[in-house]
Amino acid sequence: GGPASLFRFRGALVAAVLGDCVGGEFEGAEEVPMESVLQHLSSLDDDTKGNGILEYSDDTAMARCVVQSLLTRAGFDERDMARRFAKEYSASPGRGYGSGVIQVLKKLSSPQLNDVYQPARDQFNGRGSFGNGGAMRAAPFALAFPDPADVKKFAHRGAMLTHSCSLGYNGAVLQALAVHLSLQGALDLPLKFISTLITQMEDVESDEATLNDARILKEAEKPFCERLHRVSDLMHRSKVSIEEVISELGNGIAALHSVPTAIFCVLHCLQPRECLPENYGGLERTIAYSLALGGDTDTIACMAGAIAGAHYGIEAIPQSWIKCCEGAEDADMNAERLHMLYQQT
Ligand code: 8NA
Ligand code: MG
Ligand code: MG
């Protein structure tokens, strides 16, 4: 499909769900042999195993709230979105939420709450969360707003409902921008893709709050820019081991240690790789590679899935995978609705 085609929208939203569902198997594992990943993925093709449905986690649960809110309100409405997060959490608290964000979600359900951003600001002694929970649900912002300025603004505000530290919400902005660019076909030129992201993040990270948080947390002056430069360096290497990717970019629950990693997974898997089956297309490679990094596998595969799905489109996703994952068919229908909203705005 061409830029911003429906195929790309469907690919983005569905592959994000797949990454979450399929990645749940290895979440928190320190080392994940590629052999185990490939075994897990091939079990999805095998109907005789009757392996049932792979459930989605917090990543998809919250992304679904974002989608429903954007669609119902035909744009961003922080109170509506906050209410949906709180309602979803109280209906299904066992989806694997981060231990900090649970406090925010409980406070958001209070009818007395005036400022929906306040509970997030109170996290971690007033510093706010830098977890990847804002980024894991950021893709729908790129599917709702065609203008990158809106994508940035609303991905930021949407993340701020739970993540008030710049190292949290800027991860969401980066993830949404990556999906936005991918929808436009920007991954056809991978070097330009990464340099565009760096340029955009230079601007995003130039504010006082970012510089201040980076100083306090002893990170580089512009933490995401610095990590994106590392992504770019790794892209230029002829051979990169999984260990190097983990040590350079990380695989953890901080947005800084997972969003650039997810972007690298997509870029690295644009070409066939020795460690991955020849019959895999780019989307399957991206998901498999993300899982093999270990750590926060569901979230990294979810974010990489959204970016890769926007590039390859829905037709690149194996039907058998879609059938195994809870919420994948819903995501497909919602992608169509978001596509309509995107065209109206
Ligand atoms: P969050 O906001 O609770 O952050 C996640 C964790 O990061 C916190 O619990 C802290 O340990 C740490 N953290 C974040 N900000 C700070 C800070 N300013 N100072 C010190 N520590 C901090 O939750 P989230 O929504 O960002 O979630 C991030 C990841 O955790 C997601 O991948 C999610 O799936 C979850 N997670 C869940 C499990 C599970 O039990 N299934 C396992 C790993 C990760
Ligand atoms: Mg999760
Ligand atoms: Mg996770």
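This is a predicted model, so every value here is computed, not measured.

What follows deals with helix α16 (residues 282-292). The element α16 is largely enclosed, with a buried count of 11 among its 11 residues. Of all the residues in α16, the buried ones are Gly-282, Leu-283, Glu-284, Arg-285, Thr-286, Ile-287, Ala-288, Tyr-289, Ser-290, Leu-291 and Ala-292. The inward-facing, buried residues of α16 abut α1 (6-23), α2 (34-45), α14 (242-249), α15 (259-268), α17 (297-312) and α18 (319-324). After α16 finishes, the residue Gly-294 shows a positive phi value of roughly 70 degrees.

Our focus in this paragraph is the site of ligand 1. Gly-100, Ser-129, His-163, Asp-296 and Thr-299 are the nearest of the 18 residues found near ligand 1. One of the backbone nitrogen or oxygen atoms of Gly-100 is found 2.8 Å away from an oxygen atom of ligand 1. Within the backbone of Gly-128, an N or O atom sits 2.9 Å from a nitrogen atom of ligand 1. Protein burial of ligand 1: of its 820 Å² of free accessible surface, 75% is covered by the chains. Taken together, the residues that form the shell around ligand 1 break down as 4 nonpolar, 11 polar and 3 charged.

The description of two packed helices rests on the angle between their axes and on the distance between the axes. Relative orientation of the contacting elements α2 and α16 amounts to 135 degrees, with a least axis distance of 9 Å. Judged on the interaxial angle alone, α16 and α2 are oblique. Handedness of the α2/α16 crossing: right-handed. Side by side, α2 and α16 meet where Met-34, Val-37, Leu-38, His-40 and Leu-41 of the first sit next to Ala-288, Tyr-289, Leu-291 and Ala-292 of the second. The residue inventory of the contact of α2 with α16, partitioned by class, reads 8 nonpolar, 1 polar and no charged.

For the rest of this paragraph, the subject is the coordination of the magnesium ion (ligand 3). Taken together, the protein donors to the magnesium ion (ligand 3) comprise Glu-27 (OE), Asp-296 (OD), Asp-298 (OD) and Thr-299 (OG1), at separations of 2.1 to 2.6 Å. Geometry at the magnesium ion (ligand 3) is irregular, judged from the 6 donor atoms that bind it and their angles of 63 to 168 degrees at the metal. Read in sequence order, the donor residues coordinating the magnesium ion (ligand 3) give the pattern E-x268-D-x1-D-T.

Cut-offs and rules
Residues numbered from 1 in each chain as written. Chains lettered and ligands numbered in written order. Predicted model: local features only at pLDDT ≥ 70, side-chain atom pairs only at ≥ 80, totals over all residues. Heavy atoms only, no water. Buried < 20%, exposed > 50% of the residue type's maximum accessible area, 1.4 Å probe, protein only. Helix = DSSP H or I, 4+ residues; strand = E, 2+ residues; numbered from the N terminus. Contact = heavy atoms within 4.5 Å. Near = heavy atom within 4 Å. Polar contact = N/O pair within 3.5 Å; in protein donor to acceptor, adjacent residues only side chain to side chain. Areas by Shrake-Rupley, 256 points an atom, 1.4 Å probe, with all protein chains shown as cover. Nonpolar A, V, L, I, M, F, W, Y, C, P; charged D, E, K, R; others polar. Axes fitted to C-alpha atoms, helices over the stretch in contact; angles between N-to-C directions. Parallel < 35°, antiparallel > 145°, perpendicular 65-115°, else oblique. Left-handed = near helix turned anticlockwise from the far one by under 90°. Donors = N, O, S within 2.8 Å, 3.2 Å for Na, K, Ca; no water. Tetrahedral: all angles 85-135°; square planar, octahedral: opposite > 155°, others 65-115°.

Take it as geometry only, folks, not as evidence of what the structure does.
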